[in-house]
There are 6 protein chains.
Amino acid sequence: MKCIVLEEKTDYDGSQISSLWGYNSFGVQEDSIIIFRGACDVKIEHMIDLEDRKENESIWSEDMLSFIIEHFDSTNLKLIYARQRLFTAIVREYLADVGVSTSREGDDLFLEGKKLTVSIASTSAVSQKIHFGINVTHPVYGNLEEAGIKAGEIPGLMQEIGMRYVREFEDIEKDLRKSRPLGVV
Amino acid sequence: MKCIVLEEKTDYDGSQISSLWGYNSFGVQEDSIIIFRGACDVKIEHMIDLEDRKENESIWSEDMLSFIIEHFDSTNLKLIYARQRLFTAIVREYLADVGVSTSREGDDLFLEGKKLTVSIASTSAVSQKIHFGINVTHPVYGNLEEAGIKAGEIPGLMQEIGMRYVREFEDIEKDLRKSRPLGVV
Amino acid sequence: MKCIVLEEKTDYDGSQISSLWGYNSFGVQEDSIIIFRGACDVKIEHMIDLEDRKENESIWSEDMLSFIIEHFDSTNLKLIYARQRLFTAIVREYLADVGVSTSREGDDLFLEGKKLTVSIASTSAVSQKIHFGINVTHPVYGNLEEAGIKAGEIPGLMQEIGMRYVREFEDIEKDLRKSRPLGVV
Amino acid sequence: MKCIVLEEKTDYDGSQISSLWGYNSFGVQEDSIIIFRGACDVKIEHMIDLEDRKENESIWSEDMLSFIIEHFDSTNLKLIYARQRLFTAIVREYLADVGVSTSREGDDLFLEGKKLTVSIASTSAVSQKIHFGINVTHPVYGNLEEAGIKAGEIPGLMQEIGMRYVREFEDIEKDLRKSRPLGVV
Amino acid sequence: MKCIVLEEKTDYDGSQISSLWGYNSFGVQEDSIIIFRGACDVKIEHMIDLEDRKENESIWSEDMLSFIIEHFDSTNLKLIYARQRLFTAIVREYLADVGVSTSREGDDLFLEGKKLTVSIASTSAVSQKIHFGINVTHPVYGNLEEAGIKAGEIPGLMQEIGMRYVREFEDIEKDLRKSRPLGVV
Amino acid sequence: MKCIVLEEKTDYDGSQISSLWGYNSFGVQEDSIIIFRGACDVKIEHMIDLEDRKENESIWSEDMLSFIIEHFDSTNLKLIYARQRLFTAIVREYLADVGVSTSREGDDLFLEGKKLTVSIASTSAVSQKIHFGINVTHPVYGNLEEAGIKAGEIPGLMQEIGMRYVREFEDIEKDLRKSRPLGVV
């Protein structure tokens, strides 16, 4: 599994959640997590969560870190949702390690009661994907700036969260290759 | 999904990881998390992790909390391992909320560098299961007593961790019922 | 699994077979059977059965009961087709219980040789669905009026058939949680 | 899919529910339904339903028709249970057609309130199977003799029920090969 | 599984890779391999391989044999790719048997270093498909004419390669119905 | 995916087909192909193919090359059989490349009409495996010695066939990560 951190500013408009965006844009032919920073403004046609669409929700941030995860090993909805929750927990653990205390509710992190993150997960006929966004700054919602994360720390944060997910994934792949099937009562 | 906390002392010998133990012992016919407290001494024939078996590892604790999770909705190995990691993160979050700081490495929690927990996950042809054990006391390994958890807090901890997993599971089941399939580049 | 009977007249134009129609229209976040009554006129773009489409078949009824079943637990085509046949058999059993004798051929019911019902089943990347329609009146095909079902009986029929499917589904979910894997010769 | 009716008396002791029994005994290398008549006395080690095993239930009949269905196209538990319910409905429909009125509750048929049938379904790592048994005579339970089925009708009944399931299966396989995927709201 | 050789000249424009093309065009309701001969010019909207699309590759041949395989038994991407490679090997074996030596690299065959074939495989929510094309003549690429295959041999080649795949598929279906599950260390 | 060639003589008694043999013996925690040379004498309890077991077949060779493939990415029977046929074709291609002409029938290779190889494939609840054996010498069956393969060429042959399968597998994994889902008619 590959971890790619984009150096150039990249805006998230929701098109990046499409299957094969990673191959199309960067030629990556492995499962991947691609990380970038830029404005976020999700167009209605790219909204995966029907609740957002129905309520005409705006998914907007002037400065957001985006993590785009794509797996081709399964199209099972339950699996990508379990992976999404696990990724959310990994972000929370990382933030705690750098001194930022947040609380998790499902796929959301809250900073002092204010929503810090956005996330969605789904599947197509060929791959499953997660988008996870963290506000760097935001006029209303929680954001890393208010949490005391300095500008210089952002690149390291992007890289390290990405690598933690990769290591978790690879650790799981190893563990399941040494476990016997269950017995039965 | 059902959460059952056993009131009587119950020892874990590894037989409880078998598929259908929950039905056989308690007549439960839902996905479930069953939680109990007692000594832990896993017999070689119930060791699922071949690494433990090969190295003749002893999985032993005089006083352990055991969480037994069983799902019948899939026999996909990757899914039960993602769920196991997520459960481990949930335990860590709970402990942090009650003031106990631990670090997570895959499916292990460490308390000041000492291993606090044991865990295994696998599947049979009919169900998938997780065992997760937390030492209450232990002469060598990390344990809740040293972490400052008082005896009176244990029952609440058993119940609350169990319920958090149930809520997470049910929240996922709801979320995946409002998500559109991914588009494709 | 949820059973929802719509009180207002609702026409079936084929758009209701789309995945997530239940969430979008009624906010339902469980597997569901949604039942309503109204005219039926399926637009060509919503025809799932290519045979109908090729033959420019009209799927039309001035007064039809529609049952829309959606499951998110699998996208296996064989499973939704087995469920469709089972649902058809449940309708037949209910009709027999209220004194209406029909014969079943696959997913069709016939009343004295005249086709009483229409049905289709398929899957998307996120859910699997069944539409099952029963003519209340019809100038050519079999219909409940000719079968002697009185107007006042219709609401009860809609509710009871829906609930029978829910109970069947829940009964299966329980049964598969007490069955050991097969042995092997 | 193959339908085989055994001419010789064959007792059911539960070993026939094992995967590959059909290949081992008759060399059949297709999905199959194998039908025979004989005494039924299920040994405890072949009991698949843990409820029977726990309650030390006797599954016994001096004269029973047994239908053994094996599919190799999936090991999905939900699918074999949906197929089992569908088979039960098929038996009920056949009996109604020959003038025997029964009621169905899940995988059981009742004749005037007395249980006429036994059934179990499960899966191994290689195949999924159903056993469905109908009492021909029985001192306590419902049976075909009391239902007025004459001895001479039994062979035809065995053959015809088997063939109806085969036709249903083949009809499903055809139908799912002409259905477009669902649209999405 | 059905093998259909079209007698009339049929051009391949990429639309034939769509799911259900076989049913829509020929009413076939089995898994199938449909074989035809004609020009090949794949429109951009039918390009499944994003590499071709990105690089604005032309997939063009004035005279090509096309093999279109469709299976409805699974939508697993890994399975259709394994089948694609196996089909490629079958073509190579056939060509060797008629005296044409080629080398295989994945899903490509080379004739004296020149690419002789094109191929793609993928899945939708309802079926999985392979397109495999062999140049009969070509100004640049390898082709059967240069390989010494005579015009009169082409119809036999189309039929025989198709039948070899059908026999391989049916042989596999038989073999997996006589194999016990693996033991475990 | 890992390719391991054992240097020491290793006999095949059928126990090596068990799931997790690779981890247990060599600590490998990836999908793998493990290759060794030694006598072959399969014990009845390790016979996976019931045909061999029923007919009390002896699977015996005084000197055989064994290839043991294990994948943990799926437990789908159809997939492991497609992979087995593909592996067989790879062996045939390698032999052709070193000047040994064989014919393939399913999972068997024949050398001048004499069976050169044995093979079986199956799955457990945790992994899927293939055993493929090639006689180095044999009093009755085809063997590499008679085919003119020299002793000094054997180690290279073991390594190269193993690596070809690994490359094929990795090539597939890459290809399926650049393919769009199929359209639908």
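Computed from a predicted model, the values in this text were never measured in an experiment.

What counts and what doesn't
The numbering scheme is per chain: residues are counted from 1 as the chain's sequence reads. Key to labels: chains lettered from A, ligands numbered from 1, both in the order written. This being a predicted model, a pLDDT of at least 70 is required before a residue's local features are given, and a value of 80 or more before pairs of side-chain atoms are given or counted; all residues contribute to the totals for chains, interfaces and linings. Only hydrogens and water are set aside when side-chain values are computed; all heavy atoms of the structure are taken into account. Strands here mean DSSP runs of E at least two residues long; helices mean DSSP runs of H or I at least four residues long; both are numbered from the N terminus. Atoms counted for the radius of gyration: C-alpha only. Globule rule: 2.2 Å times residue count to the power 0.38. Copies are brought into register by a least-squares superposition over C-alpha atoms of residues with pLDDT of at least 70 in both. Whether two residues are in contact is decided by their heavy atoms: any pair within 4.5 Å suffices. Each residue is assigned to one of three classes by its accessible area relative to the maximum for its type, calculated with a 1.4 Å probe on protein chains only: buried under 20%, partly exposed between the two thresholds, exposed over 50%. Under this definition, polar contacts are N or O atom pairs within 3.5 Å; protein pairs additionally need one hydrogen-donor-capable and one acceptor-capable atom, and for neighbouring residues in sequence, both atoms have to be side-chain atoms. Buried area adds together the accessible area that both of two parts lose upon being put together, with accessible area traced by a 1.4 Å probe. Here, a salt bridge means any side-chain nitrogen of Lys or Arg that lies within 4 Å of a carboxyl oxygen of Asp or Glu. In this analysis the probe radius is 1.4 Å and the grid spacing 1 Å, with only protein atoms considered; a cavity is a set of points the probe fits into but cannot get out of, a pocket is an open set with protein on both sides within 12 Å along at least five of seven lines, and lining residues have an atom within 4 Å of a point. Grid points are joined across faces, edges and corners, and a volume is the space filled by probe spheres set on the points. Under the scheme applied, nonpolar residues are Ala, Val, Leu, Ile, Met, Phe, Trp, Tyr, Cys and Pro; charged residues are Asp, Glu, Lys and Arg; polar residues are all the others, including Gly. One fewer than the residue count of a helix, multiplied by 1.5 Å, yields its expected span. A fitted line through C-alpha atoms represents every axis, and for helices the fit uses only the stretch in contact; the resulting angles, taken between N-to-C directions, go from 0 to 180 degrees. We call two directions roughly parallel when the angle between them is under 35 degrees, roughly antiparallel when it is over 145, roughly perpendicular when it lies between 65 and 115, and oblique otherwise. Definitions for this section: a left-handed crossing has its near helix turned counterclockwise from the far helix by less than a right angle. A right-handed crossing has that turn clockwise. Pairing between strands requires that DSSP locate at least two bridges from one strand to the other. If you view a crossover with the strands going away from you and the path from the first strand over the helix to the second runs clockwise, you call it right-handed. As used in this record, nonpolar core signifies buried Ala, Val, Leu, Ile, Met, Phe, Trp, Tyr and Cys residues forming a set joined through side-chain atoms within 4.5 Å. Pairs were defined over the aromatic rings of Phe, Tyr and Trp, the Trp ring being its six-membered one, requiring ring centres within 6.5 Å. Orientation was assigned from the angle between planes: stacked under 30 degrees, edge-to-face over 60, tilted for the rest. We call a charge positioned over a ring when the NZ of a Lys or the CZ of an Arg lies within 6 Å of the ring centre and within 35 degrees of the ring normal.

**So, the overall build of chain A**
Here's step 1: Of the regular secondary structure elements, chain A holds four helices and eight strands.
Here's step 2: When its helices and strands are written in sequence order, chain A yields β-α-β-α-β-α-β-β-β-β-β-α.
Here's step 3: Rg of the C-alpha trace for chain A: 17 Å, near the compact-globule value of 16 Å for 185 residues, within the 12% margin.
Here's step 4: Overall size of chain A, expressed as C-alpha extent along the three principal axes, is 55 × 35 × 35 Å.

**Points about the relation of the copies chain B and chain A**
Here's step 1: Aligned on chain A, chain B shows an RMSD of 0.0 Å; the corresponding rotation is 180 degrees and the shift along the axis is 0.0 Å. Taken together, the turn and the small shift mark the pair as related by a two-fold rotation axis.
Here's step 2: Mapped onto chain A, 100% of the interface residues of chain B again fall at the interface, so both copies present the same surface.

**Some points on the side chain of F:S124**
Here's step 1: Positionally, F:S124 belongs in the loop between β7 (117–123) and β8 (128–137).
Here's step 2: Looking at F:S124, the relative accessible area reads 3%, which means it is buried.
Here's step 3: At 2.7 Å, the side chain of F:S124 and the side chain of F:S19 are in polar contact.
Here's step 4: Setting aside its immediate chain neighbours within four residues, F:S124 contacts D:A125, E:L182, E:V184, F:S19 and F:T75.

**Details of unusual backbone geometry**
Here's step 1: The residue A:N56 is not glycine, and still its phi comes out positive at about 55 degrees.
Here's step 2: Mapped onto the fold, A:N56 is located in the loop between α2 (50–54) and β3 (60–71).
Here's step 3: The exposure class of A:N56 is exposed, given its relative accessible area of 62%.
Here's step 4: In this structure, B:E112 is a non-glycine residue whose phi angle is positive, near 45 degrees.
Here's step 5: Tracing the backbone through its elements, the reader meets B:E112 in the loop between β5 (108–111) and β6 (114–115).
Here's step 6: Since its relative accessible area comes to 76%, B:E112 is described here as exposed.

**Re the interface of chain B and chain A**
Here's step 1: Contacts between the two partners involve 52 residues from chain B, matched on the other side by 52 residues from chain A.
Here's step 2: A combined buried area of about 4,600 Å² lies between chain B and chain A, and 56% of that area is made up of carbon and sulfur atoms.
Here's step 3: Per-residue buried area on chain B facing chain A is highest for B:K78, B:R180 and B:L182; these three make up 17% of the total on that side.
Here's step 4: Linking B:R85 and A:D171 is a salt bridge whose minimum nitrogen-to-oxygen distance equals 2.6 Å.
Here's step 5: Joining chain B to chain A, the criterion identifies 32 residue pairs in polar contact (both at pLDDT 80 or more).
Here's step 6: At the level of secondary structure, the elements contributing two or more residues to the side of chain B that touches chain A comprise α1 (21–26), α2 (50–54), α3 (77–97), β7 (117–123), β8 (128–137) and α4 (154–175) of chain B.
Here's step 7: Per-element tally for the side of chain B that touches chain A: the top contributor is α3(B), with 13 residues.

**Remarks on the layout of surface pockets**
Here's step 1: For the largest pocket, the calculated volume is near 940 Å³.
Here's step 2: Lining the largest pocket are 46 residues; nearest its centre among them are B:E105, B:D107, B:D108, B:K115 and B:S119.
Here's step 3: Elements supplying a minimum of two residues to the lining of the largest pocket: α3 (77–97) and α4 (154–175) of chain A together with α2, β3 (60–71), α3, β4 (103–105), β7 and β8 of chain B.
Here's step 4: Of the residues contributing to the lining of the largest pocket, the split by class is 14 nonpolar, twelve polar and 20 charged.

**Some points on the environment of D:E93**
Here's step 1: Secondary-structure assignment places D:E93 in helix α3 (residues 77–97).
Here's step 2: Ignoring sequence-local partners within four residues, the contact set of D:E93 consists of C:A89, C:R92, C:R104 and D:R164.

**Some words on helix α3 (residues 77–97) of chain E**
Residues and elements named next belong to chain E.
Here's step 1: Between its first and last C-alpha, α3 extends 30 Å over 21 residues, near the 30 Å set by a 1.5 Å rise per residue.
Here's step 2: The element α3 is largely enclosed, with a buried count of 19 among its 21 residues.
Here's step 3: With a side-chain oxygen positioned 2.8 Å from the backbone nitrogen of K78, the residue opening α3 is N76.
Here's step 4: Just past α3, the residue G99 takes up positive phi, approximately 90 degrees.

**Quick look at the packing of α3(B) against α4(B)**
Residue and element names in this part refer to chain B.
Here's step 1: Between α3 and α4, the least distance of the axes is 10 Å, while the angle of their chain directions is 130 degrees. Relative to α4, the element α3 lies oblique. For the crossing formed where α3 meets α4, the hand is right-handed. Facing α3, whose interface residues are R83, L86, F87, I90, V91, E93, Y94, L95 and D97, α4 presents G156, L157, E160, I161, R164, Y165, E168, F169 and I172.

**Re the pairing of strand β1 (residues 2–5) of chain A**
All names here are of chain A.
Here's step 1: Alignment of β1 against strand β2 (residues 32–41), held across four bridges, turns out to be parallel. What sits directly across from I4, in β2, is I34.
Here's step 2: In this region the chain leaves β1, passes through helix α1 (residues 21–26) and returns to the parallel neighbour β2; the handedness of that crossover is right-handed.

**Regarding the pattern of salt bridges**
Here's step 1: Scanning all chains against the criterion turns up 130 salt bridges over all chains.
Here's step 2: B:E93 is paired through a salt bridge with A:R104; the nearest N and O atoms lie 2.7 Å apart. Of the two residues, B:E93 is situated in helix α3 and A:R104 in strand β4 (residues 103–105); the pairing between them involves two chains. Side by side, B:E93 and A:R104 carry an identical accessibility label, which is buried.

**Looking at the sheet that holds strand β5 (residues 108–111) of chain D**
Residue and element names in this part refer to chain D.
Here's step 1: Across the sheet, three strands lie side by side as β4-β5-β6; this open sheet has antiparallel pairing. Of all strands in the sheet, those bounded by a partner on one side alone are β4 (103–105) and β6 (114–115).
Here's step 2: Where β5 lies against β6, two bridges are found, and the strand directions are antiparallel. Its bridge partner being in β6, F110 is matched across the sheet by K115.

**Notes on the nonpolar core**
Here's step 1: If you look at the biggest cluster of nonpolar residues, it comprises 117 residues, and the most contacted ones within it are A:I33 and B:I33.
Here's step 2: Apart from the residues within four sequence positions on either side, B:I33 is in contact with B:M1, B:K2, B:C3, B:I4, B:F67, B:I68, B:I69, B:F87, B:G162, B:Y165 and B:V166.

**As for the packing of aromatic side chains**
Here's step 1: Inspection of the entire model under this criterion finds 30 aromatic pairs over all chains.
Here's step 2: The interplanar angle of 85 degrees and the centroid separation of 5.5 Å between the aromatic rings of F:W21 and F:F26 together place this pair among those described as edge-to-face.
Here's step 3: F:F26 sits in the partly exposed class, given a relative accessible area of 34%.
Here's step 4: In this structure an aromatic cluster arises from ring pairing among A:F67, A:F87, A:F132 and A:Y165.
Here's step 5: The ring of F:Y23 carries B:K54 above its face, with NZ or CZ at 4.6 Å from the centroid.

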